[in-house]
Each structure stands twice: as C-alpha cells, then as structure tokens.
Amino acid sequence: MTDSNFVNQLADYRLLLPPMAGYTDFPYRRILAMFDPPFICTEMLSPHAILQGNPRTMDMLQKTEGNHLCGAQLVGEELEAMRDAARFVENLGYDYIDINMGCTVKTVTGTGAGVSLMKDEEKAVKLVSNVLGAVNIPVTCKIRLGPSKGKRNAVPLSVGLEDAGVSAITIHGRTGERKFGLPVDYDGIREVVNACNIPVIANGGIYTGSAAVDMLRLTDADAVMPGRGLIGNPWLVPEIISALKGGQEVNPNVEERKRISLLHLRYLCEFYDEPKGVIMMKRILPKYFSGCRYLNTMKVSVFTARELGELEGLLDNIHEDESGMVYTV
C-alpha cells in the first residue's frame, strides 16, 4: 500500500480508529468491521512476541475482513526487534504500522518503551527511521504532549518524526502522568498541527460525533481518533463519520444493542474460550447499555455471572420504555 492511499483515505474520512490494549482484540475488530470504518488497528503488540511466534500474539494478528485499511501497532524500544517485527507485519499483508509512544503502563514504560520513548527524541526518531527503512507501507506514530508536564516535547519530536518520513502523527492531548481524566489540552494539539506538514490526528475525550467536530474546530487537526468512547459503542464509528459530514447522530435502539453485544460476547468466547470470554465481557457489557436506568444493578448481576448463558439471560432484563432503556429484575 502506498503512502498516498493512506493519506487520501484519512483525508476522505478524517477518522482513524484507535489501538486499545485489551479492547481492540480480534473479536472486537470483527465487530468494528461491521460498521464500515476507514481504518482498524490491532491492540499494541510486542515485537519480541511476534518474532518468537507467540501463539496468542499470532492469533491477535489475524486480519479482519472489510474495505478498511488494517493497521498493527508495535510497542518496543529495541531498534532491531522493532524493525524485524515491522517486516513480519508487512508480510502478513497489513496496510500500515503504528508505533506506540504514548502508553503509560509501568510494565511498558519501565522497559523504555511507550511514552518513555518520548524522553529520548534522538532514539525515538532513529527507531522510527529503522522501521521506515525496512518496510514499504506507511508508518505512523502515536504520541502524547510529552512524557511529563515538565517535558512537553511533542512539537520538536513531531518535526523529527516528519523529517524521518512518517505518514501521520496521532497526538493525545495530555502528558504522560495520567492516561485520561484530565482536561484535553487543545492548544497543545494545535501547536503540533501548526508545526507539521503531514496529517495530525487529535486524540482524547471524543465520546460523541459532536465532540469529534469540536475537536477538529479547536485544534485544526486533520482527523480525529476516539478512544475509550469506542468501548461497547461501535456505533460511534458511523456517528463520527456522519457528524463530520454534517449529518445526524446515530442512536441504536435497545434491540440493536442486544444483538451486537451478544455477537461480541460469542466472538470473545470463540476466540479465547468460554470462561475467559465471559470474564472479558464483564467489563464491556455494561458499556453497551450506557445510560440505562439501574445500570449499577446490572453491573452487579454481570459481575456474578459465570457462564455464557448467564450473560445472555441478563440481556432479557433490559427493556425500552418512553424514557429510555431500563434494567429490571
């Protein structure tokens, strides 16, 4: 795939879906593919696990079918391993590679990867250059405003990454102290936009189509990347696409929410096995019914469920009346 194809697709849709550890696994990517997104990306993957042929990682690298472009995100700090893993991913037929420079999890940052890479701009650019020299598909980077409030270096790093040849940069509008919860710094994102001549994607706090519109207005970014708002809400994809074209918001009814959440549950159980699939769905299922009355009661019921059939049965307790969704027991 050429860089121009990637950039043209991004310009047409102004939406790039996120890599989210523990969420954009193969089962959920299958769900997302049903909503016709322009791009779908894997959760972050270890280059060492790829090169060692780790069975679970190989499973995670299954590509979803559809008209979207498929991306794989790599997280690591060893130049040779990242280079070789990038080649492996390209050979699997992926359309682009994203390099993680934003993860704040200690098990990642403690190795020098994730947001820790931002602390050493020279190494970060060299790593990316190595990857770019090894593959013929677009490479993007996901960064933050800086590794900490005291080191906000997103602008010079972005300029260095652009000079190295990356196709686009995604900037999360917070520094590395907190994953989320703090206000998004729109001015900080705009500084990166103004400094770069390649597409810049704005990330942080996008839970609705109107929030995506506001993000572009406030930052002048080329595109948006939602994050946690996508968990249990694949309808956010058509909602953002519609909103960016001036259309109406998408509001699925309760039966549609049940249908898709049940399919997601079954995909999880098929991919992992039933016990693990049920455990993983427990944190996701209530998200499908955000705004439902007595949601906390539902969460308790979900927490105590042990089998696929129990979770399926809980969906029978969700109904819709004149005021919206309600959970009854």
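Attention in this report is confined to the structure presented alongside it. (Residues numbered from 1 in each chain as written. Predicted model: local features only at pLDDT ≥ 70, side-chain atom pairs only at ≥ 80, totals over all residues. Heavy atoms only, no water.)

Of the regular secondary structure elements, the chain holds 16 helices and 9 strands. For 329 residues, the compact-globule estimate of 2.2 N^0.38 gives 20 Å, and the chain sits close to it at 20 Å. The principal-axis extents of the C-alpha atoms in the chain amount to approximately 60 × 45 × 40 Å. Averaging the coordinates of the 34 positive side-chain charges in the chain and doing the same for the 40 negative ones gives two points 5 Å apart. (Helix = DSSP H or I, 4+ residues; strand = E, 2+ residues; numbered from the N terminus. Rg over C-alpha atoms; globule rule 2.2 N^0.38 Å. Lys, Arg positive; Asp, Glu negative; His and termini not counted. Charge placed at Lys NZ, Arg CZ, Asp CG, Glu CD.)

Right, let's talk about helix 11 (residues 236–244) for a bit. Burial analysis of helix 11 places 8 of its 9 residues in the buried class, the great majority of the element. L236, V237, E239, I240, I241, S242, A243 and L244 are the residues of helix 11 that are buried. Check the buried side of helix 11 and you find it contacts helix 1 (3–13), helix 2 (26–33), helix 10 (209–219) and strand 7 (223–225). (Buried < 20%, exposed > 50% of the residue type's maximum accessible area, 1.4 Å probe, protein only. Contact = heavy atoms within 4.5 Å.)

Between helix 9 (residues 186–195) and helix 10, the shortest axis-to-axis distance is 8 Å and the interhelical angle comes to 60°. Between helix 9 and helix 10, the crossing angle belongs to the class labelled oblique. Across from Y186, I189, R190 and V193 in helix 9, the residues of helix 10 making contact are M215, L218 and T219. The class makeup of the residues in the contact of helix 9 with helix 10 is 5 nonpolar, 1 polar and 1 charged. (Axes fitted to C-alpha atoms, helices over the stretch in contact; angles between N-to-C directions. Parallel < 35°, antiparallel > 145°, perpendicular 65-115°, else oblique. Nonpolar A, V, L, I, M, F, W, Y, C, P; charged D, E, K, R; others polar.)

Here helix 12 (residues 254–271) contains 18 residues, and its C-alpha end-to-end distance of 26 Å stays within 8% of the 26 Å for a straight helix at 1.5 Å per residue. The set of residues buried in helix 12 consists of V254, R257, K258, I260, S261, L262, H264, L265, Y267, L268, C269 and F271. (Expected span 1.5 Å × (residues − 1).)

Turning our attention to the packing of helix 2 against helix 12. One way to put it is that helix 2 packs onto helix 12 with a least axis distance of 8 Å and a crossing angle of 145°. Seen along the crossing, helix 2 lies across helix 12 with a hand that is right-handed. In this structure, helix 2 uses F26, P27, Y28, R30 and I31 to contact helix 12, whose residues at the interface are I260, L263, H264, Y267, L268, E270 and F271. Partitioned by chemical class, the residues of the contact of helix 2 with helix 12 number 9 nonpolar, 1 polar and 2 charged. (Left-handed = near helix turned anticlockwise from the far one by under 90°.)

Our next topic: the packing of aromatic side chains. Summed over all chains, the structure comprises 7 aromatic pairs. Ring geometry for F35 versus W235: centroids 5.8 Å apart, planes at 80°, classification edge-to-face. Of the two residues, F35 is situated in the loop between helix 2 and strand 1 (39–45) and W235 in the loop between strand 7 and helix 11; the sequence distance between them amounts to 200 residues. Here the two residues F35 and W235 agree in accessibility, since each one is buried. In this structure an aromatic cluster arises from ring pairing among F6, F39 and Y96. The side chain of R257 reaches across the aromatic face of W235, ending 5.5 Å from its centre. (Phe/Tyr/Trp six-rings, centres within 6.5 Å; stacked < 30°, edge-to-face > 60°. Lys NZ or Arg CZ within 6 Å of the ring centre and 35° of its normal.)

Spatially, 1-2-3-4-5-6-7 is the arrangement adopted by the 7 strands of the open sheet, whose pairing is parallel. A single partner strand is all that each edge strand has here, and the edge strands are strand 1 and strand 7. If you compare each strand with its neighbour and ignore which way they point, the axes differ by 25° on average. The pairing of strand 1 with strand 2 (residues 69–74) spans 5 bridges and is classified as parallel. Its bridge partner lying in strand 2, I40 is registered against C70. (Pairing = 2+ DSSP bridges.)

Right, let's get into unusual backbone geometry. Phi angles above zero are rare outside glycine, and R14 is one such case at about 55°. Assessed through its relative accessible area of 29%, R14 is described here as partly exposed. For D220, which is not a glycine, the phi torsion comes out positive at approximately 65°. Tracing the backbone through its elements, the reader meets D220 in the loop between helix 10 and strand 7. According to the relative accessible area criterion, D220 is partly exposed, its value standing at 46%.

By themselves these figures say nothing about function.
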